[in-house]
Protein chains: 2
Amino acid sequence: MAEHTVIFDVAPSPIRVPTGTLLTEAARLAGVELAQPCGGQGRCGRCAVQVLEGQVRRRSTLRLSAEDLAAGYALACQTVIEGDVRVVVPPQEKIERRLTTDRTAVEVTVPAGYDPQHAQTIHRVALTLPPPSMDDQTDDWARIQRGLRQHAQLADVKLSLAQMRRIGRTLREADWQVTAVLDAEAWDCPNCPARLIDLLPGHVPDDAPLWGVAIDIGTTTVTVWLVDLRTGKVAAQAAEYNAQIARGEDVISRIIYSTRDGNGEELRRLVLGTINALIEAACKRLSADPLTIYKATIAGNSTMMHLLLGIPASSIRLTPFVTAINHIPTLRGEEVGLAIHPEATVDCLPGVASYVGADITAGVLSSGLADTDKVTLFIDVGTNGEIVLGNRDWLVTVAASAGPAFEGGGVLHGMRATRGAIEEVWINGQTYEPTYRVVGNVKPRGICGSGLISLVAEMFLTGLVDKGGHINLNLPTPRVRTGEHGPEYVVCWAADSAEGHDIVITHVDIDNLLRTKAAIYAGFTVLAQSVGVPLETVEQVLVGGSFGKYINVEKAVEIGLLPDMPWDRFHFLGNTAVRGAYLALLDRDARARIRDIASRMTYIELSADNTFYEAFTSALFLPHTDLSRFPSVQAAIAARNHES
Amino acid sequence: MAEHTVIFDVAPSPIRVPTGTLLTEAARLAGVELAQPCGGQGRCGRCAVQVLEGQVRRRSTLRLSAEDLAAGYALACQTVIEGDVRVVVPPQEKIERRLTTDRTAVEVTVPAGYDPQHAQTIHRVALTLPPPSMDDQTDDWARIQRGLRQHAQLADVKLSLAQMRRIGRTLREADWQVTAVLDAEAWDCPNCPARLIDLLPGHVPDDAPLWGVAIDIGTTTVTVWLVDLRTGKVAAQAAEYNAQIARGEDVISRIIYSTRDGNGEELRRLVLGTINALIEAACKRLSADPLTIYKATIAGNSTMMHLLLGIPASSIRLTPFVTAINHIPTLRGEEVGLAIHPEATVDCLPGVASYVGADITAGVLSSGLADTDKVTLFIDVGTNGEIVLGNRDWLVTVAASAGPAFEGGGVLHGMRATRGAIEEVWINGQTYEPTYRVVGNVKPRGICGSGLISLVAEMFLTGLVDKGGHINLNLPTPRVRTGEHGPEYVVCWAADSAEGHDIVITHVDIDNLLRTKAAIYAGFTVLAQSVGVPLETVEQVLVGGSFGKYINVEKAVEIGLLPDMPWDRFHFLGNTAVRGAYLALLDRDARARIRDIASRMTYIELSADNTFYEAFTSALFLPHTDLSRFPSVQAAIAARNHES
């Protein structure tokens, strides 16, 4: 096959590729980073590049104007190379690194009465063994086992081939004074033998930390807690964007991306890169060696779990939406690719369905939902909206395909909640002039999820939009107008913005937001109906997810995203997934409970449910077609109408 | 560091090595095979090469004459390179490949009443699974597990990460008709979950073979039996010299060799090469794919087991002679490096001590020793002499360091039982003229172990040697004479020999043989004394090992190697180790029994036992100082004396 030379302006050297190579592939080979938030489907237009010279074939030109095409622009993910080419990569929007350790760190209370002797399965046992002699020719491993029986009442222990190769030398070099690191019980097999993870020379002091790590792999953010298993204390926290974002912003994009040759492996490496860098950073602060981390628990949605483990995820996306595996057997650090002790125990927490994963079972565990008598609604709003309704006796769950509106997707000036994002808005009911708060107190660049909720709620209450989400163009303010994309409201004039253009919300944006909130609210409705519990009798609402932390309940109720009930019934729990992973890291009973939770959760598939479509349609309004469901909003509207 | 060019006459191209590199190491790098039967200790002189040009430093010149040194000869294992050198490798004695499959194949009877349903843990289960639907979104793995519960009553099954990655695709490509290959029970953990080894597309026919392999790793010979686990039938047998022989003929030499950098890994690869070639050859004859072998059991002495698994073996050789591990947990094909299914179950059978390994526990199992009421002596004579005394109620064992005499080592014209070896000798009591039988019916090249036993017995009974092993030089025959090495007897004149020189047995040779037989007989004595059972009350003697097959009981009793008892108490069982591995391959109960045998065997360390030295000294005579122990020999001597 013919080969061609490809020169990227930002690459250190030209590369040679065969005819038919995708520009994205060529970029990767050349070491050029091209964002592909839509997963290389040609939808988002973010990978557009300018082909200055040479022959290419464009499979799709979606999002490119005739002018763009004339200037040589092409979507890299849709364009194949057919001759020697020279390519210019325009500066790309960089992901801002808002997530510093300090910003995402939270106060973590060790569970009351944490007793590592009972709850923890990872132990260090100091052994002083009698050296072998002609009167005692017991083999090395049996000698260690004898010591473990005497000092730790462990009757049955096994070891890996790697350890078999090592123990003899360690015993002799350490003069028969050693410390065994053990996992006393596999969570998926309480009857299995205990496992020797490592044999360390000498006696490790009792007060030396015994490290474990709780990991939550979010579609957007990866969080790591480094935990001293002796005390249960979280010694360090670290969080960072999931490096997979560059290959798709939502799970669907990533699954599509992963199905092409070698891409699954690339996604696996990307998320491992993020996790391992976080572990290293957390360890560095404590001068801890990552290789002394002996246990990891991992939460994450089903797609994240499949991609982490290199398990094909395509069936998650295709009807009838099934995963390859929900209950993953215990693995070891090395198998997974974690930069911790190669024989560390790795427990991937169990999921329930394609769109109700281990992040939710972990959330149910850590939120206490499965331990309470109160009828409780648990919601984790992120890229998807997973909802659980239940109490200690029963649990039902749905996944509402919320779409990316809350993450800034599908919204003209939407963005993630990074520096420059408008995160809260207030609108004057007389002048229709807004005031807002911006992340980082800088000039605004766009609007993030909580900003959108706040903005639309305010527009509704001030009459800028009607209950159908239509912008009222007849109001006496220059901020409502018909723009390129139809009716819009100007939140920020170009002069006040960071990038010198008006920041607006369009009718289309509002429509997208309505669909998102309607999907979630309809999820509540279906759950409540499925168990015959009226939504208003729900005794508490637990909101998880990092997005949940920034949400304003009043506004969320006003747009009909959350059910209308007294504020004191709402509790914002932050990242419940990592906390669930943390509890599972500490306590064998917590691991058993989470498996029990996963088995007990009844999953309702919304796409197969007619009541969902009815509920969805009814919820496509502000706040809802049935205003009696939202008495506080009804009152607020009445009050405003009375004022004006 | 300075580098030098080394040219071997038999190597395809020169190589470059740093100053100080051993010639053996350089030879290996150049792809030149140098035999090192003593393990590179400079003892055997077999690796001598001629350095034609260049600077070398000889650490040891043992076995080289002044003439040799003048001609540039050097022991490659003791000589380091200090300049550009040119080396000639003299033609080496090649290991003759007597072991063809046909020669070593034996008739194997399937154990009576073999019921794979109960006894076998490897099973194939055909599954026709309902495809997932919107009404049944069970994940792939849970769907398989459900099928296994229904079709095979398996409540708990686990799978590897590799299988997690594969099952989704197999299920869909095979349209939900698959065959699960399972190991229902780990031998070292009956309570552990069953294990999915593989998921095959479609339904494998019930009558398709289900392969397992029993392996015996002898110090000299590796034997492989390919077994259809459905029927228990041995479908193919193959045997070959252990390729490690070139790096040491006995276990001690190999351990010494293995302790040098990288050599352990080389020995591991060598034996794996032998095993995998045998498996491939056996499979080829049956058109079977080695990757469809789902289980292996391995017998072998403790050193062979350690070297196979890459476990350092040095402690086996050093006081107080302990292994790293006797009871090895279940491993997988891939871990061990076997060219079978990567997830096949590999059970290395358990050993008892450094010199009583899994070959002996397997031998005890297959010989029936542990099932009989009769007081039984079991002996496996190979490079070492391991002896077990016992019955169903008790078992004691010793390892007699027999030395290499039976394998042709330490004997001037000794050789292994290959083509050209004198394997039996008869001597005329009047003329002192010998007749002999030669392996392959060719001109003799030397004398093998059974030939030596036969020869010395005949020499003793004809008065050529006295009971102290001294050759009587006063007899009227030119065959007794004083040669270069002292008194000797000419078995074959140069004219009748293959290599044109006299084949003799010297006083030193006889002395070595006496030490060997004395060590073994003293082992019997110590065992019998340790349990207070007179040796003559032993009800049967079971002889295992391939050497045992060629031994002549009468002659062995005459020299005092075996105890003097009626011939019908002796049973020659051939390779009891591979048969034990075969039984363990078939039957979970056999695996449990062999573990039980290993635990029950009381090992007596001879080197710490004073009674051993006394018994050894008494046994250094022909047949023994206490002639009353050998009544039949006493009678034979009396008869001859009467005749003459």
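Residues numbered from 1 in each chain as written. Chains lettered and ligands numbered in written order. Predicted model: local features only at pLDDT ≥ 70, side-chain atom pairs only at ≥ 80, totals over all residues.

Quick notes on the overall build of chain A
Okay, so step 1: Broken down by element type, chain A carries 20 helices and 29 strands.
Okay, so step 2: A compact globule built from 644 residues should have a C-alpha radius of gyration of about 26 Å, and chain A, at 28 Å, falls within 12% of that.
Okay, so step 3: Along the three orthogonal principal directions, the C-alpha set of chain A runs to about 100 × 70 × 45 Å.
Okay, so step 4: Counting only residues that meet the buried cut, chain A has 52% of its 644 residues in that class.
Okay, so step 5: At a minimum sequence separation of 6, the contacts of chain A that also span at least 24 residues come to 66%. (Helix = DSSP H or I, 4+ residues; strand = E, 2+ residues; numbered from the N terminus. Rg over C-alpha atoms; globule rule 2.2 N^0.38 Å. Buried ≥ 20, exposed ≤ 12 C-beta atoms within 10 Å, placed from the backbone. Contact = placed C-beta atoms within 7 Å.)

Side note on the interface of chain A and chain B
Okay, so step 1: In this assembly, 40 residues from chain A lie in contact with 40 residues from chain B.
Okay, so step 2: Its residues placed into classes, the side of chain A that touches chain B shows 23 nonpolar, 9 polar and 8 charged. (Nonpolar A, V, L, I, M, F, W, Y, C, P; charged D, E, K, R; others polar.)

A word on the relation of the copies chain A and chain B
Okay, so step 1: Of the transformation placing chain A onto chain B, the axial shift is 0.1 Å and the rotation is 180°, giving an RMSD of 0.2 Å. Interpreted geometrically, this transformation is the action of a two-fold axis. For chain A, the minimum C-alpha distance to the rotation axis belongs to Cys192 of chain A and amounts to 2.7 Å.
Okay, so step 2: Interface residue correspondence from chain A to chain B reaches 100%, placing this contact among same-surface, isologous pairings. (Least-squares fit on C-alpha atoms with pLDDT ≥ 70 in both.)

Some points on the sheet that holds strand 23 (residues 446-447) of chain B
Okay, so step 1: One open sheet accounts for 3 strands, arranged 22-21-23 (chain B); its pairing is mixed. Of all the strands in the sheet, just strand 22 (434-438) and strand 23 of chain B have a single pairing partner and so form its edges. (Pairing = 2+ DSSP bridges.)

Some points on the sheet that holds strand 1 (residues 3-8) of chain B
Residues and elements named next belong to chain B.
Okay, so step 1: Judged by pairing direction, the sheet is mixed, and its 5 strands sit side by side in the order 2-1-7-3-5 without closing on themselves. Two strands in the sheet have a free side with no partner beyond their single neighbour: strand 2 (15-18) and strand 5 (73-75). Shown here is a sheet whose adjacent strand axes are inclined to one another by a mean of 40°, direction ignored. (Axes fitted to C-alpha atoms, helices over the stretch in contact; angles between N-to-C directions.)

A closer look at helix 5 (residues 140-152) of chain A
Residues and elements named next belong to chain A.
Okay, so step 1: In a regular helix each residue adds 1.5 Å, so 13 residues correspond to 18 Å; helix 5 covers 18 Å between its end C-alpha atoms and thus fits that length.
Okay, so step 2: For helix 5, the set of buried residues is Asp140, Trp141, Arg143, Ile144, Gln145, Gly147 and Leu148.
Okay, so step 3: Considering only its buried residues, helix 5 is in contact with strand 8 (122-128), strand 9 (157-158), helix 6 (161-173) and strand 10 (177-183).
Okay, so step 4: Looking one or two residues beyond helix 5, the residue adopting positive phi is Gln153, at roughly 55°. (Expected span 1.5 Å × (residues − 1).)

Some details on the nonpolar core
Okay, so step 1: Counting residues in hydrophobic clusters, the biggest one holds 344 residues, and the most contacted among them are Val213 and Ala581 of chain A together with Val213 and Ala581 of chain B.
Okay, so step 2: The residues touching Ala581 of chain A, leaving out its near neighbours within four places in the chain, are Ala214, Ile215, Asp216, Thr297, Ile298, Ala299, Leu349 and Ala362 of chain A.
Okay, so step 3: In terms of nonpolar packing, the next biggest core, distinct from the first, is built from 22 residues, Leu34, Cys47, Leu75 and Val87 of chain A among them. (Core = buried A, V, L, I, M, F, W, Y, C linked by C-beta atoms within 7 Å.)

Some points on the environment of Thr223 of chain A
All names here are of chain A.
Okay, so step 1: Inspection of the secondary structure puts Thr223 in strand 13 (residues 221-228).
Okay, so step 2: Given 27 C-beta atoms within a 10 Å radius, Thr223 is considered buried.
Okay, so step 3: Separated by 30 residues in the primary sequence, Thr223 and Ser253 place their C-alpha atoms 21 Å from one another.

Some points on the packing of helix 12 (residues 358-367) of chain A against helix 18 (residues 588-600) of chain A
All names here are of chain A.
Okay, so step 1: As a packed pair, helix 12 and helix 18 sit with axes 9 Å apart at the nearest point and diverge in direction by 120°. The pairing of helix 12 with helix 18 is recorded here as oblique in orientation. Taken as a pair, helix 12 and helix 18 cross one another with a handedness that is right-handed. Two secondary-structure elements touch here, helix 12 through Thr361, Ala362, Val364 and Leu365 and helix 18 through Ala590, Arg593, Ile594, Ile597 and Ala598. (Parallel < 35°, antiparallel > 145°, perpendicular 65-115°, else oblique. Left-handed = near helix turned anticlockwise from the far one by under 90°.)

With respect to the confidence of the model for chain A
Should the pLDDT be low somewhere, the predicted coordinates at that spot are not to be read in detail.
Residue and element names in this part refer to chain A.
Okay, so step 1: Taken as a whole, chain A shows an average pLDDT of 90; of its residues, 95% reach a score of 70 or greater.
Okay, so step 2: Scored below 50 in pLDDT, residues 92-103 shows 15 contacts in the model against residues more than four places distant or in partner chains.
Okay, so step 3: Among the scores for the predicted complex, ipTM is 0.85 and pTM is 0.86. (pLDDT = per-residue confidence, 0-100.)

Considerations on the pairing of strand 19 (residues 385-390) of chain B
Residues and elements named next belong to chain B.
Okay, so step 1: For strand 19, a buried count of 6 out of 6 residues is recorded, marking the element as mostly surrounded by other parts of the structure.
Okay, so step 2: Sheet analysis places strand 19 next to strand 20 (residues 395-400), joined by 6 bridges and oriented antiparallel. Along strand 20, the bridge assignment pairs Ile387 with Val398.

Let's talk about unusual backbone geometry
Okay, so step 1: In this model, Leu622 of chain A is joined to Pro623 of chain A through a cis peptide bond whose omega is -15°.
Okay, so step 2: Of note, Pro623 of chain A is situated in the loop between helix 19 (610-618) and helix 20 (631-643).
Okay, so step 3: Omega for the bond connecting Thr319 of chain B with Pro320 of chain B falls within 30 degrees of zero, at 0°, which places this linkage in the cis form.
Okay, so step 4: Within the element layout of this structure, Pro320 of chain B appears in the loop between helix 10 (314-317) and strand 16 (331-332).
Okay, so step 5: For Asp175 of chain B, which is not glycine, the phi torsion reads 55° and is therefore positive.
Okay, so step 6: Topologically, Asp175 of chain B is positioned in the loop between helix 6 (161-173) and strand 10 (177-183).
Okay, so step 7: Taking the C-beta count within 10 Å as the criterion, Asp175 of chain B has 12 such neighbours and is therefore assigned exposed.

What about the pairing of strand 19 (residues 385-390) of chain A?
Residues and elements named next belong to chain A.
Okay, so step 1: Alternating residues of strand 19 divide into Gly385, Ile387 and Leu389 and Glu386, Val388 and Gly390, and every residue in both groups is buried.
Okay, so step 2: Examined bridge by bridge, strand 18 (residues 376-381) and strand 19 share 6 bridges and lie antiparallel to one another. Across the sheet, residue Phe378 finds its bridge partner in strand 19, namely Val388.
Okay, so step 3: Taking the residues between adjacent antiparallel strands as the criterion, strand 19 and strand 20 (residues 395-400) are bridged by 4 residues.

With respect to helix 19 of chain A
All names here are of chain A.
Okay, so step 1: The complete set of buried residues in helix 19 reads Phe612, Ala615 and Phe616. Angularly, the buried residues of helix 19 cover 105° about the axis, an arc narrow enough to put them on a single face. Relative to its buried face, helix 19 has exposed residues pointing more than 90 degrees away, namely Asn610 and Thr617.
Okay, so step 2: Packing partners of the buried residues in helix 19 comprise helix 14 (507-531). (Arc of directions from axis to C-beta.)

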